[in-house]
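Inside the fold
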Amino acid sequence: MSAEKRKKIESVLVVIKRTKYELDLESYGSLDEFKRVAEIQNDSFSRIYNSHLRQIQSREELKLTFPNGKFIFREELENINIADYDLVIALGGDNHFTYVAHHALDNLVLGCNSDPETSVGALLSFHTSDISKAVSLNWENIIIEEWPRINVRIEYPNGQAIETFQGISEISIRNNSPDLTSRFLISHEQVSEEQKCSGLLVYTGAGSTGWVMSCENKDVSFDKQEPYFKVYCRELRKKESFRYKLDHFTVRNSFRLISEMRGGISIDSLAERIYDFPPGAKADFSVSPERLRVVVQKHG
């Protein structure tokens, strides 16, 4: 990273995800009730609590690295001016990273794994010790990657149209009832076909190591900076006399879906980012000209 870019990292915002222990303790109302339920769930209390302690330690380590940084829980993102910060650090897991990134599209974003012992963190390039080292080297050991985003525009049968939050990792389109078939008309370039399946996955390079890899049961990953996304139809209904043309394809511009179901569009697997997709609704998915700027470690 150039000296000009390094000197811009002066104000740092660290966005923390509450641990499962913190969330469950609040949900169950008492430690005794929490332990009782955890015992039923494969006697999981010790595992959850030990992970909580490691994540608390991660918070403390970052506070030592950034004594002048601002530390908030992610629920507070709505109450601050994120443009005031040069660097936004998402301390948590992959899902937390995408949540934070949705709020920090114009910032430098860094993903830090809060508990590497139990989390792979495919989108997270740093542990807390890596960040401490990067700061001590004045950020000489990092680079900035530019990840593509996916624009989604939904037009409803009543004429209303909305732009959703941009997709960063993966978008799922499916029937609201998981036991019912997902039905839609899908169009890409000069090809259109009606499909029936268990759902559709739209994913960037950032999302290519996740859900779709489990579906394909093989390595379908590609670089996070590739300027396109891919579409994968899950569990298509195959007919002996018909071969689907749009079961797994690459989109460099856009494609369209017309819903034939009471469905939903879920952005980056976030409960807060689910949009209705009823019969007759049209959704256009396109490669955004904007990019997410992500701080990663330099290798080699």
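Residues numbered from 1 in each chain as written. Predicted model: local features only at pLDDT ≥ 70, side-chain atom pairs only at ≥ 80, totals over all residues. Heavy atoms only, no water.

1. Considerations on the packing of aromatic side chains
- Using the criterion set out here, one finds 12 aromatic pairs in the structure.
- Between the aromatic rings of Phe-249 and Phe-255, the centroid separation amounts to 5.8 Å while the plane-to-plane angle is 90°, which identifies the pairing as edge-to-face. In terms of burial, Phe-249 and Phe-255 fall into one category: buried.
- Ring pairing ties together the aromatic residues Tyr-21, Tyr-28, Phe-34, Phe-45 and Tyr-49, which thus form one cluster.
- Geometry around Phe-73 places Arg-18 over its ring, the cationic atom sitting 3.8 Å from the centre. (Phe/Tyr/Trp six-rings, centres within 6.5 Å; stacked < 30°, edge-to-face > 60°. Buried < 20%, exposed > 50% of the residue type's maximum accessible area, 1.4 Å probe, protein only. Lys NZ or Arg CZ within 6 Å of the ring centre and 35° of its normal.)

2. Things to note about the side chain of Ser-259
- You can see Ser-259 is positioned in strand S13 (residues 254–259).
- Of the residues examined, Ser-259 reaches a relative accessible area of 3% and is grouped as buried.
- Within the local environment of Ser-259, its side chain forms a polar contact with the backbone oxygen of Pro-278, the two atoms lying 3.2 Å apart.
- Once residues within four sequence positions are removed from consideration, Ser-259 is found in contact with Arg-183, Phe-184, Phe-277, Pro-278, Pro-279, Gly-280 and Ala-281. (Helix = DSSP H or I, 4+ residues; strand = E, 2+ residues; numbered from the N terminus. Polar contact = N/O pair within 3.5 Å; in protein donor to acceptor, adjacent residues only side chain to side chain. Contact = heavy atoms within 4.5 Å.)

3. Examining the pairing of strand S4 (residues 108–113)
- Summarising burial for S4: 6 of the 6 residues are buried, a large majority.
- After leaving strand S3 (residues 87–92), the chain enters helix H5 (residues 94–103) and then returns to the sheet as S4, a path that is right-handed.
- Relative to strand S16 (residues 282–297), S4 runs parallel, the two being bridged by 3 bridges. Pairing of Leu-110 across the sheet is with Val-295, part of S16. (Right-handed = clockwise from strand over helix to strand, strands pointing away. Pairing = 2+ DSSP bridges.)

4. Topic: the domain arrangement of the protein chain
- Assigned domains within the protein chain: domain 1 (12–140) and domain 2 (148–288).
- Between the C-alpha centres of domain 1 and domain 2 the distance comes to 29 Å.
- Taken residue by residue, the interface counts 10 residues in domain 1 and 14 residues in domain 2.
- Across the interface of domain 1 and domain 2, roughly 1000 Å² is buried in total on both sides, 61% from carbon and sulfur atoms.
- The largest contributions to the domain 1 side of the interface with domain 2 come from His-102, Leu-105 and Leu-123, which together make up 51% of the buried area.
- At the surface where domain 1 touches domain 2, the tally comes to 1 salt bridge. (Domains from an automatic or database assignment. Buried area = accessible area lost by both parts, 1.4 Å probe. Salt bridge = Lys/Arg side-chain N within 4 Å of Asp/Glu carboxyl O.)

5. Quick word on the packing of helix H4 (residues 45–65) against helix H6 (residues 128–136)
- It is at 9 Å that the axes of H4 and H6 come closest, and there the two elements cross at 5°. In this view, H4 runs roughly parallel relative to H6, as classed from their interaxial angle. Contact residues: Ser-58, Glu-61, Leu-62 and Thr-65 in H4; Thr-128, Ile-131, Ser-132 and Val-135 in H6.
- A breakdown of the residues in the contact of H4 with H6 according to their chemical character gives 3 nonpolar, 4 polar and 1 charged. (Axes fitted to C-alpha atoms, helices over the stretch in contact; angles between N-to-C directions. Parallel < 35°, antiparallel > 145°, perpendicular 65-115°, else oblique. Nonpolar A, V, L, I, M, F, W, Y, C, P; charged D, E, K, R; others polar.)

6. Some remarks on the side chain of Ser-51
- With respect to the helices and strands, Ser-51 occurs in helix H4.
- Those residues in contact with Ser-51, other than ones at most four positions away along the chain, are Asp-115 and Thr-118.

7. Concerning the sheet that holds strand S7 (residues 170–175)
- Strand order across the open sheet formed by 6 strands is S12-S11-S10-S7-S14-S15, with antiparallel pairing between neighbours. Bordering the open sheet on either side are strand S12 (248–251) and strand S15 (274–277), each of which pairs with just one other strand. If you compare each strand with its neighbour and ignore which way they point, the axes differ by 20° on average.
- Both S7 and strand S14 (residues 263–267) contribute to a ladder of 5 bridges, which runs antiparallel. The residue bridging Ile-173 from the neighbouring strand is Ile-265, located in S14.

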